[in-house]
Amino acid sequence: MFGFETRRPRILFALLGFLLAWALAPGPSDAATLGASGVPRVAPAPVALPATTAEFVALQRGDIEGRRFIGDGGFGIRTRNGTLINFYGDTVVSATGNPQYPKAATQKTYMMRNNAIIHGGGRIRSATSGTRLLSLNSFVDVPAAQRIPGGTNYYWPASAATRYDATAKVDRVYVFLSHMFTSDTGTGLWNFSQVGSRLAEYTFDAKGTLTLTRLLATPMKANDPAGIKWGAGAFVDAGYLYAFGSSKIDDPWIWGNDFYLARIPVSSIGTATAWRFWTAAGWSRSATAVIPVIPNPLGLEATLAMVRDPATGAFSVSYKEFTFIGSRVMRITAPALTGPWTADPEPLATLTPVVPDGYTYCGTDIPLAGSARGVIVSHGNFTPGTPLEFLGIRAVI
């Protein structure tokens, strides 16, 4: 199954077995020195950054150095030099047949649990190496010491933020990862739960290399599916990394999530006791005294992408209201991360399924070229055999 919001399924396909058996055209990946005929390969033409959301979706879903990555729930960050890095949960990988990239001619179609697509310097590529892709791996795996026995452990990216480290001359990219678990003995589409979260710190250097430096604990307790899902949103400001935590009331009539707020100095990011939590009295050491900064009646999904207006300093979040049962893409704004948050009077868009038995979810802001931004949403369908072009991310505005 494809990437799921914490406590909210993000299904692109109902039957994974069908996907993995689906015969997609074999094709290469990974740039090679020689082309298929044994002559020097012609360098691919530079790929410009997307100026519109439609261009963004076409590039992210298109031929990426000989492979296609159809993922959902995508969100992204923009580095200091303008490079776009977009993170995805469950993603179907297949070869495209591009003769410029013969190394991946044996690539098998499979579903990876997480991935990142890097677009900058005239090139768009997967952050997952060709070797790992050919070995049917994901970008980052749950360490063996943190795996729960009796099932499958994997990460879904939940949120990300970045800052430039002038001393090291690298961008530091902070990615919150939801630790998901699927039991070997469970059945059905919803046989999974979030059992923890981790904060992955990456460096992104001038050569365009994204390197994992640390995998850190978050305020979320281990193996606590009912607890606040810390890392549901991220933002860096004035020397602090802010982390939102989401929680849904156990009520079938409530689809929105409450969001809480914590922060930690970026200089102390490896110190678990340095986290502070927003309470009625301000910032506190007590994680149990937190109060919602975004209340559930606004209808937010379980993760968010935070945006700050450089002109006004105001914050905003775009989202698919009430996940599967809603049809509107909404935007809320606030003068500060702590609120108060209010919804725009009119929706950004009202959505309809692109195919019968379809649904939409995971509406989010994404960065484009320069300072431009867009909004995307993910489409899913319970009908086996739904063509790939009707699934995954699609443009909203």
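Just above sits the structure.
Computed from a predicted structure; not experimentally measured.

Definitions and cut-offs
- Residues numbered from 1 in each chain as written.
- Predicted model: local features only at pLDDT ≥ 70, side-chain atom pairs only at ≥ 80, totals over all residues.
- Heavy atoms only, no water.
- Pairing = 2+ DSSP bridges.
- Helix = DSSP H or I, 4+ residues; strand = E, 2+ residues; numbered from the N terminus.
- Axes fitted to C-alpha atoms, helices over the stretch in contact; angles between N-to-C directions.
- 1 Å grid on protein atoms, 1.4 Å probe; cavity = no way out; pocket = protein on both sides within 12 Å on 5 of 7 lines; lining within 4 Å.
- Points joined across faces, edges and corners; volume = space filled by probe spheres on them.
- Nonpolar A, V, L, I, M, F, W, Y, C, P; charged D, E, K, R; others polar.
- Salt bridge = Lys/Arg side-chain N within 4 Å of Asp/Glu carboxyl O.
- Buried < 20%, exposed > 50% of the residue type's maximum accessible area, 1.4 Å probe, protein only.

### So, the sheet that holds strand β7 (residues 123-126)
Turning to step 1, where the next piece is worked out: Strand order in the open sheet formed by four strands is β2-β3-β6-β7, and the pairing between neighbours is antiparallel. One side of each edge strand has no neighbouring strand; the edge strands of this open sheet are β2 (75-78) and β7. Going across the sheet, the axis of each strand differs from the next one's by a mean of 15°, ignoring polarity.
Turning to step 2, where the next piece is worked out: In the sheet, β2 pairs with strand β3 (residues 84-88) via four bridges, with the strands oriented antiparallel. The residue of β3 that forms the bridge with F75 is F87.

### Considering the layout of surface pockets
Turning to step 1, where the next piece is worked out: A volume near 810 Å³ is recorded for the largest pocket.
Turning to step 2, where the next piece is worked out: Elements represented by at least two residues in the lining of the largest pocket include exactly β2, β8 (151-165), β12 (229-237), β17 (307-308), β18 (315-320) and β22 (358-367).
Turning to step 3, where the next piece is worked out: Broken down by element, the lining of the largest pocket gets its largest block of residues, seven residues, from β8.
Turning to step 4, where the next piece is worked out: Here the lining of the largest pocket is built from residues that sort into 17 nonpolar, nine polar and eight charged.

### Section: the pattern of salt bridges
Turning to step 1, where the next piece is worked out: What the rule picks out here adds up to nine salt bridges.
Turning to step 2, where the next piece is worked out: When the shortest N-O distance is used, the salt bridge between R123 and E65 registers 2.5 Å. Of the two residues, R123 is situated in strand β7 and E65 in the loop between α2 (53-61) and β1 (67-71); the sequence distance between them amounts to 58 residues.
Turning to step 3, where the next piece is worked out: Notably, a salt bridge pairs R214 with E201, separated by 2.9 Å at the nearest N-O pair. Linking R214 in strand β11 (residues 210-217) with E201 in strand β10 (residues 193-204), this pair joins segments that are 13 residues apart in sequence.
Turning to step 4, where the next piece is worked out: The partly exposed category is assigned to R214, whose relative accessible area is 34%.
Turning to step 5, where the next piece is worked out: Classification of E201 as buried rests on a relative accessible area of 4%.
Turning to step 6, where the next piece is worked out: Members of the salt-bridge network, linked through shared partners, are D165, R172, E201 and R214.

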